[in-house]
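Listed below are the residues making up each chain.
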Amino acid sequence: MEDKLVIKGIEFKSRLWVGTGKYKDFEETARAVGASGADVVTVAVRRVNIVDRKSENLLDYIDPKKYKILPNTAGCYTVEDALRYSRLAREAGVSDMIKLEVIGDEKTLFPDVIGLLKATEILAKEGFIVFPYTNDDPVMAKRLEDAGAAAVMPLGAPIGSGLGIRNPYNIKIILEAVKVPVIVDAGVGTASDATIAMELGCDAVLINTAIASAKDPIAMAEAMKYAVAAGRLAYKAGRIPKKLYATASSPIEGML
Amino acid sequence: MKLRINGEYKETQSKTISELLKELDIIPERVAVEVNLTIIKRQEFENYYLKDGDTIEIVNFVGGGGLEFKISNLKF
């Protein structure tokens, strides 16, 4: 049976979403994205280099007809900046989707959740499909849902830290608190971290650094594809309860 | 006239946004353009006349996820 993710009527083939930052070149980006099997790629909105017009365009390598382009507002520290970047992204892009980031602190890159909530509310009213990057806080997740977020994207750990899912219990509570999809964004370090997120019941995982900065990004992209698929399957299969003592797996009857 | 484009001052003969993008060798379909902080719709590029001193931002998409978390590596 097909297990597709649908958000606001948009059908997603893959539950692994990938970022396109920090690769050696566009060639490597395209190969890693291909190996990951992802159909959603995040991109950043930046000034066109008007001095060196020979610089290549990411969209020459990542075909917007083949992939869903999810622009982000990375680097925005205020609501005004996040709104400005979102609106520019919509104008430059191919869809109304926006991965909304309002960063609150330069050192940790933790979200400014108050700003995030304000920006989510405004953009949702403007018809954007808003994916807010938030803390692993169930109360905030609910508030974002109420503000019109299409999904919530709690962090597993700080961006680029590779610390994995530091608080699986919070993620679990978020999953119970909201009806919109939950997509873990940030913190994944290796394949098992992605599996854990999916085993908890998350709808998707967004990964950039763990793939782009791996020794072999292409191989790691492939590992993440299997990790996310395995985690999803295990979630749907249903894990056994944890017990303190042993339970024999062979029958005791008929023993000599 | 003199324009400020993406932070750089530039002298140009282009009268409209369309002409300016052509002069800069930029494909209009892939960018968003802001003039004095107002986003200009792509359909308006051809008839939008620029004025001396206008501040223009031209953006597109580059590789990006989030930003890098800036603390020293942990040792385990």
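What counts, and at which threshold
Residues numbered from 1 in each chain as written. Chains lettered and ligands numbered in written order. Predicted model: local features only at pLDDT ≥ 70, side-chain atom pairs only at ≥ 80, totals over all residues. Heavy atoms only, no water. Pairing = 2+ DSSP bridges. Helix = DSSP H or I, 4+ residues; strand = E, 2+ residues; numbered from the N terminus. Phe/Tyr/Trp six-rings, centres within 6.5 Å; stacked < 30°, edge-to-face > 60°. Buried < 20%, exposed > 50% of the residue type's maximum accessible area, 1.4 Å probe, protein only. UniProt positions renumbered as here; feature names shortened; annotations may be inferred.

1. Some points on the pairing of strand β5 (residues 55-63) of chain B
Here comes step 1: Of the strand pairs in this sheet, strand β4 (residues 40-47) of chain A and β5(B) are connected by five bridges, and their pairing is antiparallel. Bridging across to β5(B), R47(A) finds its partner in V59(B).
Here comes step 2: Note: strand β1 (residues 2-5) of chain B against β5(B), two bridges, orientation parallel. Opposite R4(B), over in β5(B), you have T55(B) as the bridge partner.

2. A few points about the packing of aromatic side chains
Residue and element names in this part refer to chain A.
Here comes step 1: The final tally for this structure, using the stated rule, is three aromatic pairs over all chains.
Here comes step 2: Centroid distance F26 to Y61: 5.6 Å. Interplanar angle 40 degrees. Geometry classified as tilted. Of this pair, F26 sits in helix α1 (residues 26-36) while Y61 sits in the loop between β4 and β5 (68-72); the two residues are 35 residues apart in sequence, bridging distant segments of the chain.
Here comes step 3: F26 gets classed as partly exposed once you look at its relative accessible area, which sits at 22%.

3. Focus: the UniProt feature "active site" (unreviewed entry) in chain A
Here comes step 1: Mapped onto this structure's residue numbering, the UniProt feature "active site" (unreviewed entry) falls at K99(A).
Here comes step 2: Along the polypeptide, K99(A) turns up in strand β6 (residues 97-100).

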